[in-house]
Amino acid sequence: MSSGYSPNTAIVAVSKPGADLARRLASCLPEAELHLERRFVDAAESDARAYDLPLRPVLQNLFVNRDALIVFLPIGAAVRLLAPVFAGKKRDAAVVCVDDGGRFAISVLSGHVGGGDDLARQVAAAIGAQPVVTSASDALNVTAIDLVGRAQGWRIDATSIDLTRAAAAVVNGEPVSLWLDTETDAAWPDDQAMTDSITRVDKLTDALGDGYAATLIVSDQILTSDANHPVIIYRPPTLVAGVGCRRGVEVEHLRGLLGDTLEQHGLTLQSLGKIATADIKADEPGIIALAESLGVTLEVYTASELNDRCAQAAPLQGEGAGLSQPTPSAAQDLLGVFGVSEPAAMLAARADGLVVPRTKSDRATVAVSRVANRSSQSSGKI
């Protein structure tokens, strides 16, 4: 779910004062759905959706089918009505309760993961109410580790228990280490302030030492740990896979080749941000399904773009000296393209080299590049 206001938001009021406030709020959130009890819907009011009592099934249906719910009800009533359909913090919609006097906008559910805290602030600003946010990280102004990198598309690689324990360590002011993988080269996001108890260290072995209550890691590499404390790994979308294949190759074959190739080179599929290929493969079902199954975008390039990138290949100097360069593939000659996976990966990553050169199966090829200028995700490193 997205944080804060989402177009997939419902505003619900059950009383006349609540309906009046709900209309004011809806005028500030024009894409939100306004739901009013039928008695309080004006005949000429086209934007409001009328519902009939009882409220319980109406509210529960909206809760399970929307990203966020703003209800003009007392907290107790809202919780009693919605409790039977609660599914967990990673799945529940954000819920904000507003009193009929319009004095308070209270973040009730999914404050972090569902964006309820931000939504409460937006609602309060819209109707002149006081936002009420009780999340510990907000109350104490400490790093919300479950939100780090979220706006940048980072994924969290950790158990829910470790995430909870690490968050508690931050809230309690216990020492927490941070290791930023220089190979990955992702910066700490500016939208997450650095809590004083979090210390950046240069070596992974030091970060995993016994002197810390938890360790935070930013990396696209496969890592193992025998630390005696929670380890949270953030996976920024720094990797791009170029893919070429014969017609009709199954998505399972492509995913298996990609997953095995990344694993063999110590890279995680969780940091894959894009799939890239030639425009002549843009309608290939297996490639389309691969991107969809991984939840990443698919970028395509013309034969001219791919050939030009291959032609520009040259040994790199300095920082890029360890990167592989694309090599023309005679097997693609009949298609008028002298390489697909390698130049496509580099073009999509805006990079000068490859971290994984072309790897072949009997029906497909993959190559991997890292996104260039990864530090630009933030205005500066910590």
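Scroll up for the structure.
Along each chain, the written sequence defines residue order, and numbers are assigned to residues from 1. Reporting in this predicted model follows two pLDDT cut-offs: at least 70 for local features of residues, and 80 or more for side-chain atom pairs to be given and counted; totals over whole chains, interfaces and linings ignore these cut-offs and use all residues. Side-chain metrics rest on all non-hydrogen atoms present in the structure, leaving aside hydrogens and water.

Caption draft 1: Local environment of the sheet that holds strand β9 (residues 176–180). Strand order in the open sheet formed by five strands is β8-β12-β11-β9-β10, and the pairing between neighbours is mixed. The sheet is open, and its two edges are formed by β8 (155–157) and β10 (198–200), each paired on a single side. Strand-to-strand twist of the sheet, defined as the mean angle between neighbouring strand axes without regard to direction, takes the value 25°. Strands are labelled as partners when DSSP assigns at least two bridges between them. Helical segments are the DSSP runs of H or I of at least four residues, strand segments are the runs of E of at least two, and each set is numbered from the N terminus. Pairing analysis gives three bridges linking β8 to strand β12 (residues 231–235), with the strands arranged antiparallel. A fitted line through C-alpha atoms serves as each axis, taken over the contacting stretch for helices, and the angle formed by two N-to-C directions is quoted from 0 to 180°.

Caption draft 2: Highlighting the packing of aromatic side chains. Only the six-membered ring of Trp is used, alongside the rings of Phe and Tyr, when aromatic pairs are assigned; centres must lie within 6.5 Å, and planes under 30 degrees apart are stacked while those over 60 apart are edge-to-face, with the rest tilted. One pass over the structure, following the stated rule, counts three aromatic pairs. Ring geometry for Phe 63 versus Phe 86: centroids 5.8 Å apart, planes at 50°, classification tilted. One end of the pair, Phe 63, is in helix α2 (residues 55–65); the other, Phe 86, is in the loop between α3 (75–82) and β5 (94–98), and 23 residues separate them in sequence. Throughout, exposure labels follow a simple rule: accessible area from a 1.4 Å probe, protein chains only, divided by the maximum for the residue type, with under 20% read as buried, over 50% as exposed, and the rest as partly exposed. On the basis of relative accessible area, Phe 86 is assigned to the partly exposed category, the value being 33%. With a centroid separation of 6.0 Å and 50° between ring planes, the pair formed by Trp 154 and Tyr 234 is classed as tilted. Here the residue Trp 154 occupies a position in the loop between α5 (136–140) and β8, and Tyr 234 occupies one in strand β12, the gap between them amounting to 80 residues. Classification of Tyr 234 by relative accessible area gives buried; the value is 0%. Among the aromatic residues, ring-to-ring pairing joins Trp 154, Trp 188 and Tyr 234 into one connected group.

Caption draft 3: View of the sheet that holds strand β3 (residues 48–51). The strand order across the open sheet formed by seven strands is β3-β2-β1-β4-β5-β6-β7, and the pairing between neighbours is mixed. On the outer flanks of this sheet lie β3 and β7 (130–132), each paired with one strand and no other. Adjacent strand axes in the sheet meet at a mean angle of 25° when their direction is disregarded. Note: β5 against strand β6 (residues 104–109), four bridges, orientation antiparallel. Bridge assignment links Val 98 to a residue of β6, and that residue is Ala 105.

Caption draft 4: Structural context of the packing of α2 against α3. With their axes 9 Å apart at the nearest point, α2 and α3 run at an angle of 75° to one another. What the angle tells us is that α2 and α3 run roughly perpendicular. Note on element contacts: α3 touches α2 through Arg 80, Leu 81 and Leu 82, opposite Leu 55, Arg 56, Leu 59, Gln 60 and Phe 63. Grouping the amino acids of the contact of α2 with α3 by side-chain chemistry returns five nonpolar, one polar and two charged. Angles below 35 degrees are treated as roughly parallel, those above 145 as roughly antiparallel, those between 65 and 115 as roughly perpendicular, and all remaining angles as oblique. For this analysis, residues touch if any pair of their heavy atoms sits within 4.5 Å. In the scheme used here, Gly and all other residues not listed as nonpolar or charged are polar, with Ala, Val, Leu, Ile, Met, Phe, Trp, Tyr, Cys and Pro taken as nonpolar and Asp, Glu, Lys and Arg as charged.

Caption draft 5: Structural detail: helix α1 (residues 16–28). The span you would expect from a helix comes to 1.5 Å times its residue count less one. Over its 13 residues, α1 runs 19 Å from end to end, which matches the ideal 18 Å to within 8%, given 1.5 Å per residue. Among the residues making up α1, those that are buried are Gly 18, Ala 19, Leu 21, Ala 22, Leu 25 and Ala 26. The arc that holds the buried residues of α1, viewed along the axis, is 165°, so those residues lie on one side. Taken together, the buried residues of α1 touch β1 (9–13), β2 (33–37), β4 (68–72) and α4 (116–127). Polar contact is the term for a pair of N or O atoms within 3.5 Å; when the atoms are in protein, one must be able to donate a hydrogen and the other to accept it, and sequence-neighboring residues count only if both atoms are side-chain atoms. At the N-terminal boundary of α1, the capping side chain belongs to Ser 15, with an oxygen 3.1 Å from the backbone nitrogen of Gly 18. Starting at the helix axis, one direction is taken to each C-beta atom, and the arc is that of these directions.

Caption draft 6: Up close: unusual backbone geometry. Following Leu 53, the chain continues to Pro 54 via a peptide bond in cis, the omega torsion being 15°. Within the secondary structure, Pro 54 sits in the loop between β3 and α2.

Caption draft 7: Spotlight on the nonpolar core. To form a nonpolar core, buried Ala, Val, Leu, Ile, Met, Phe, Trp, Tyr and Cys residues must be joined to one another through side-chain atoms within 4.5 Å. Ile 11, Leu 25, Ile 70, Phe 72, Val 98 and Val 123 are the most contacted members of the largest nonpolar core, which has 26 residues in total. Apart from the residues within four sequence positions on either side, Leu 25 is in contact with Ile 11, Ile 70, Phe 72, Val 123, Ala 126 and Ile 127.

Caption draft 8: The packing of helix α10 (residues 303–311) against helix α11 (residues 341–349), seen in detail. Interhelical geometry of α10 versus α11 gives an angle of 95° and a closest axis separation of 9 Å. Of the possible angle classes, the one that applies to α10 and α11 is roughly perpendicular. Here Glu 305, Leu 306, Arg 309 and Cys 310 of α10 come into contact with α11, specifically with Pro 343, Ala 344, Met 346 and Leu 347. Among the residues forming the contact of α10 with α11, the class breakdown is six nonpolar, no polar and two charged.

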